[in-house]
Amino acid sequence: MMWDVLWLDARLATMTAGGRPYGMLEDGAIAVQDGRIAWIGRHDDLEGPPAALAKQVHWIDGRWITPGFIDCHTHLVYGGNRAREFEQRLEGASYAEIARAGGGILSTVRATREADDAALYRDAVPRLKALMAEGVTTVEIKSGYGLESAAEARQLSVARRLGESFPIEVITTFLGAHALPPEFEGDADGYISYVIETMLPDVAETGLADAVDAFCETIAFTPEQTERVLSAARRHDLPVKLHADQLSDLGGAGLAAKYGALSADHVEYTSEESVAAMARAGTVATLLPGAFYCLRETQQPPVAAFRRAGVPMALATDSNPGSSPVTSLLLMLSMGCTLFRLTPEEALAGVTRNAARALGLADDRGTLEVGKRADLCVWDIDHPAELAYRVGFNPLAYAVKDGRVRQV
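Residues numbered from 1 in each chain as written. Predicted model: local features only at pLDDT ≥ 70, side-chain atom pairs only at ≥ 80, totals over all residues. Heavy atoms only, no water.

What about the packing of aromatic side chains?
Thought 1: If you walk through the whole model with that rule in mind, you get eight aromatic pairs.
Thought 2: Aromatic side chains Phe184 and Tyr194 sit 5.6 Å apart centroid to centroid with 25° between the ring planes, which places their arrangement in the stacked category. Of this pair, Phe184 sits in the loop between β8 (169-177) and α7 (188-206) while Tyr194 sits in helix α7; the two residues are ten residues apart in sequence, bridging distant segments of the chain.
Thought 3: Look at Phe184 and you get partly exposed, because its relative accessible area is 22%.
Thought 4: Where Phe292 meets Phe340, the ring centres are 5.0 Å apart and the plane angle is 75°; that geometry is what we call edge-to-face. Here Phe292 is found in helix α11 (residues 289-294), whereas its partner Phe340 is found in helix α13 (residues 329-340), with 48 residues between them in sequence. Here Phe292 matches Phe340 in class, with each residue buried.
Thought 5: In textbook terms, an aromatic cluster arises when at least three aromatic residues are bridged by ring pairs, as seen for Phe184, Tyr191, Tyr194 and Phe221.
Thought 6: The positively charged end of Arg127 is found above the aromatic ring belonging to Tyr78, 3.8 Å away from the centroid.
Thought 7: The lysine or arginine in question, Arg161, covers the ring of Tyr121, its NZ or CZ lying 3.6 Å from the ring centre. (Phe/Tyr/Trp six-rings, centres within 6.5 Å; stacked < 30°, edge-to-face > 60°. Helix = DSSP H or I, 4+ residues; strand = E, 2+ residues; numbered from the N terminus. Buried < 20%, exposed > 50% of the residue type's maximum accessible area, 1.4 Å probe, protein only. Lys NZ or Arg CZ within 6 Å of the ring centre and 35° of its normal.)

Take a look at the structure:
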């Protein structure tokens, strides 16, 4: 049986761990069958002429191929925007002050509740297309701007619809414990009970979410309240993630590790103790330099500690209307290096191998290996470090989703 497609004359950044930097393979070839990588190796090792091995043969003239990019933390589906808050921060107001005054997440909650499904979908499409144009083949989309059952379900349903409408895989995350809605003002414990007893069972029964997240922070929920959500999620057999240690060290990353979380995200204030707990649990540290930049934060995540402990580091856009209105994952590679001192190889691993792990998908994608999904990016570059080196430049020739060249 012939392969479906064969790519030749490629330089491969397989992003497999260990061995050569970037998992480099010169004069490489990749064969795809039924949407999966069926063979990978050097051109000279092919057992016959290309035309006799595959139905389609693509010669790519020495371009680089990487795994398809994965944006493992976004909030793409929402109503309205918060440009005025951007002005307020420039005038001296802090993110926390804006939130306590009724702005921040709650302003987006109001706009999201007022928007119908068609508007939510329409507004999310250009944000999704911007990510796709830079090679994103898998994206996580969180809820968290409805904060009541029907509105949260609408966000998740629109996210699912985006994945059905475009050649990109959408992973959905229920973030009901994102902020305290006005209906529960002064009763955070009561709202967490509502999340656990009403919202979460609905999400689990309908299958709208692939994971559960929460915001553990001084302006959101306490570790005790957060733990109630994580515990309930596990009872529903849903994996967990956590917004942790963004503005202070409440031990959120350690709490995430206690529940075997796929990832702890933001993690600027994470302690050495929590880093060690993450290493033991296999929890990924998802770094979000877009939010760090937009909020003009100064506390960097403990990258050196993560390295020493062997904690995998992912990178994501955190695309959202308030703290990270970002739709460029390539820009996050650059910021991850310039702001957080990642190496270009660590940054690329952060949007491929480690991003897949942060979504529980490491066995399925994130590296170029036989049996994995044929999600690929073909780049007009001379070296993989260019992906982090250039700013505001997109060298993508084209992306491949499930073995098919994708049109955006």
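A few points about the environment of Asp382
Thought 1: Tracing the chain through its elements places Asp382 in the loop between β14 (376-379) and α16 (386-389).
Thought 2: By relative accessible area, which is 58% here, Asp382 ends up exposed.
Thought 3: Separated by 276 residues in the primary sequence, Asp382 and Leu106 place their C-alpha atoms 45 Å from one another.
Thought 4: Other than its neighbours up to four places away in sequence, Asp382 contacts Arg11 and Trp64. (Contact = heavy atoms within 4.5 Å.)

A word on the packing of helix α6 (residues 149-165) against α7
If you want to describe how two helices pack, look at the angle between their axes and the distance between the axes.
Thought 1: Two numbers describe how α6 lies on α7: the axes approach to 10 Å, and their chain directions differ by 35°. Crossing of α6 over α7 shows right-handed handedness. Within the contact between the two elements, α6 uses Ser149, Glu152 and Leu156 and α7 uses Tyr194, Thr198, Met199, Asp202 and Val203.
Thought 2: Tallied by class, residues from the contact of α6 with α7 come to four nonpolar, two polar and two charged. (Axes fitted to C-alpha atoms, helices over the stretch in contact; angles between N-to-C directions. Left-handed = near helix turned anticlockwise from the far one by under 90°. Nonpolar A, V, L, I, M, F, W, Y, C, P; charged D, E, K, R; others polar.)

Structural notes on the domain arrangement of the chain
Thought 1: What the domain assignment reports for the chain is domain 1 (3-67 + 367-405) and domain 2 (69-359).
Thought 2: The C-alpha centroid of domain 2 is placed 31 Å from the C-alpha centroid of domain 1.
Thought 3: Tallying the contact residues gives 25 residues for domain 1 and 21 residues for domain 2.
Thought 4: Across the domain 1/domain 2 interface, buried area totals approximately 1,700 Å², and carbon plus sulfur atoms make up 67% of it.
Thought 5: Contact with domain 2 buries surface across domain 1, with Met15, Ala388 and Lys401 losing the most and accounting together for 31% of the total.
Thought 6: In this structure, the connection of domain 1 to domain 2 is made through one salt bridge. (Domains from an automatic or database assignment. Buried area = accessible area lost by both parts, 1.4 Å probe. Salt bridge = Lys/Arg side-chain N within 4 Å of Asp/Glu carboxyl O.)

Some words on the sheet that holds strand β7 (residues 136-142)
Strand pairing in a sheet relies on backbone hydrogen bonds. The paired strands run either parallel or antiparallel.
Thought 1: The eight strands are arranged β6-β7-β8-β9-β10-β11-β12-β13 in an open sheet whose pairing can be described as parallel. The open sheet has two edge strands with one neighbour each: β6 (69-71) and β13 (313-315). On average, adjacent strands in this sheet sit at an angle of 25° to one another, irrespective of strand direction.
Thought 2: Relative to strand β11 (residues 263-266), strand β10 (residues 241-244) is paired through four bridges, and the arrangement is parallel. By the bridge assignment for β11, His243 is matched with Asp265.
Thought 3: With respect to the sheet, α7 is in contact with β8 and β9 (211-216), its orientation differing from that of β8 by roughly 150°.
Thought 4: Most of the contacts of α13 go to β6, to which it runs at about 75°, and overall it touches β6, β7, β12 (284-287) and β13. (Pairing = 2+ DSSP bridges.)

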